[in-house]
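# Geometric and topological summary
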Amino acid sequence: DSFALVIESGGYDGKKGFNITSDLILIEGKVPSEPKRVIKAYGGGYSYKNEAQIDTVIKPYKFKLASNEKQAKFRTIVTGHNQDGEFSPIEYFVTLNGKEVFSKRLWRNDCDKTHVQPQGGTWIFSRCNWCPGEKVIDFEIDLTPDLKLTDSNEIKISFRKMETSSTNIQASYAVSGNIITFGAKDPYDIALADVIAPSRDKTYFLHNSLCQGPIVKIRNEGSKAVNEAYIDYWVDVNNKTTYIWKGNLAPEQTEVVQLPAFPWTNVDLSKPIFYTALQKSTQNLIQW
């Protein structure tokens, strides 16, 4: 069929400008958990004077599941702007049917390690959930445990007190939030979300080039928490290395995994391409 792709970017420098490129990556294969609907709950900017004031302008959003929808997640992107909103930390939280299901202190203290550098201006300073030239961090929240399957649900984004000594707060927040519904999900489904190193992706140039200690990102796309995953990785298909990851990964959450070095003895280097795959999962195979 067909679909629309919208890309939004923001920039302060109106004199020099900048170039932007984007890639659409299509992954062939069986979809383990097919989405049913994407429901836009929030999208806009909100001024902030204090936690009580912003709570009156960010209204709750009500939605009801269809008969073929059994699970849902909430994907949010929140960034702070203006003098205090940009340069002061703040905690925001999400409630579902009156219960707090997620909270996060919004702050990026790694802007000096941006992958688009050097830049002019104040790009090295910490900011409220964004850095110049970087993709904004999004959060995905599993709503399933607290969903009402046959009645209306109410979701709400709220903010707590800003961490600032300013007596005349100048702040606003750009907020977006989408509810994504699903049918029944597989209980255990680990996805290989990304290969950070070795990689030719310019986003990860600070981690590359790399000959040992591959870095990958895994994501839990199942309905239950995962405590163990088997990760295969290799250059020569006849000399695979398997790493057993152990932890506690909740649904819709990701984790960056540093893999141990693999032996180079007897490795065929005629086709030096790094491969990695997850066992007993969606069988996603990422090649770089």
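Residues numbered from 1 in each chain as written. Predicted model: local features only at pLDDT ≥ 70, side-chain atom pairs only at ≥ 80, totals over all residues. Heavy atoms only, no water.

Okay, the overall build of the protein next. A tally of regular secondary structure across the protein gives 2 helices and 15 strands. Here the C-alpha coordinates of the protein stretch approximately 65 × 55 × 40 Å along the principal axes. Out of the 288 residues in the protein, the part that is buried amounts to 38%. Sequence-distant contacts in the protein: of pairs separated by 6 or more residues, those separated by 24 or more amount to 72%. (Helix = DSSP H or I, 4+ residues; strand = E, 2+ residues; numbered from the N terminus. Buried < 20%, exposed > 50% of the residue type's maximum accessible area, 1.4 Å probe, protein only. Contact = heavy atoms within 4.5 Å.)

Here the structure, examined in full by the defined rule, presents 1 disulfide. What pairs with Cys 111 in a disulfide is Cys 131, and their sulfur atoms sit 2.0 Å apart. The chirality of the disulfide connecting Cys 111 with Cys 131 is left-handed, given an S-S dihedral of about -80°. Note that Cys 111 is positioned in the loop between strand E5 (99–106) and strand E6 (139–142) and Cys 131 in the loop between E5 and E6, a separation of 20 residues in sequence. The thiol of Cys 128 is unpaired, and the distance to the nearest cysteine sulfur, on Cys 111, comes to 11 Å. A residue is classified by how much of its surface remains accessible, and Cys 128, at 0% relative accessible area, is buried. (Disulfide = S-S within 2.5 Å.)

Walk down a regular strand and you will see the side chains alternate between the two sheet faces. With 7 bridges connecting them, strand E4 (residues 90–96) and E5 associate as antiparallel partners. Paired with Val 94 across the two strands is Phe 102, which belongs to E5. Linkage of E4 to E5, two consecutive antiparallel strands, is achieved through a turn of 2 residues, within which Asn 97 is found at a positive phi near 55°. (Pairing = 2+ DSSP bridges.)

Turning our attention to the nonpolar core. Most often, soluble globular proteins keep nonpolar side chains buried together rather than apart. In terms of nonpolar packing, the biggest core is built from 32 residues, with Phe 74, Phe 159 and Tyr 173 touching the most fellow members. Of all the secondary structure elements, the ones that give two or more residues to this core are strand E1 (35–48), strand E3 (71–81), E4, E5, E6, strand E7 (153–159) and strand E8 (171–182). Non-local contacts of Phe 159, meaning those with residues more than four positions away in its chain, are made with Tyr 48, Glu 51, Ile 54, Ile 58, Val 78, Ile 90, Glu 91, Tyr 92, Phe 93, Leu 106, Tyr 173 and Val 175. Listed in part, the 17 residues of the second largest apolar core include Tyr 233, Leu 249, Val 267 and Phe 274. (Core = buried A, V, L, I, M, F, W, Y, C linked by side-chain atoms within 4.5 Å.)

As a further point, take the sheet that holds E8. Read across the sheet, 4 strands follow the order E1-E8-E3-E6 without closing on themselves; strand pairing throughout is antiparallel. Edge positions in the sheet fall to E1 and E6, since each has one partner strand and no second. In this sheet, neighbouring strand axes are inclined to one another by 20° on average, regardless of whether the strands run parallel or antiparallel. Of the pairings in the sheet, the one linking E1 to E8 comprises 12 bridges and is antiparallel in character. Of the residues in E8, the one forming a bridge with Val 38 is Ile 180. (Axes fitted to C-alpha atoms, helices over the stretch in contact; angles between N-to-C directions.)

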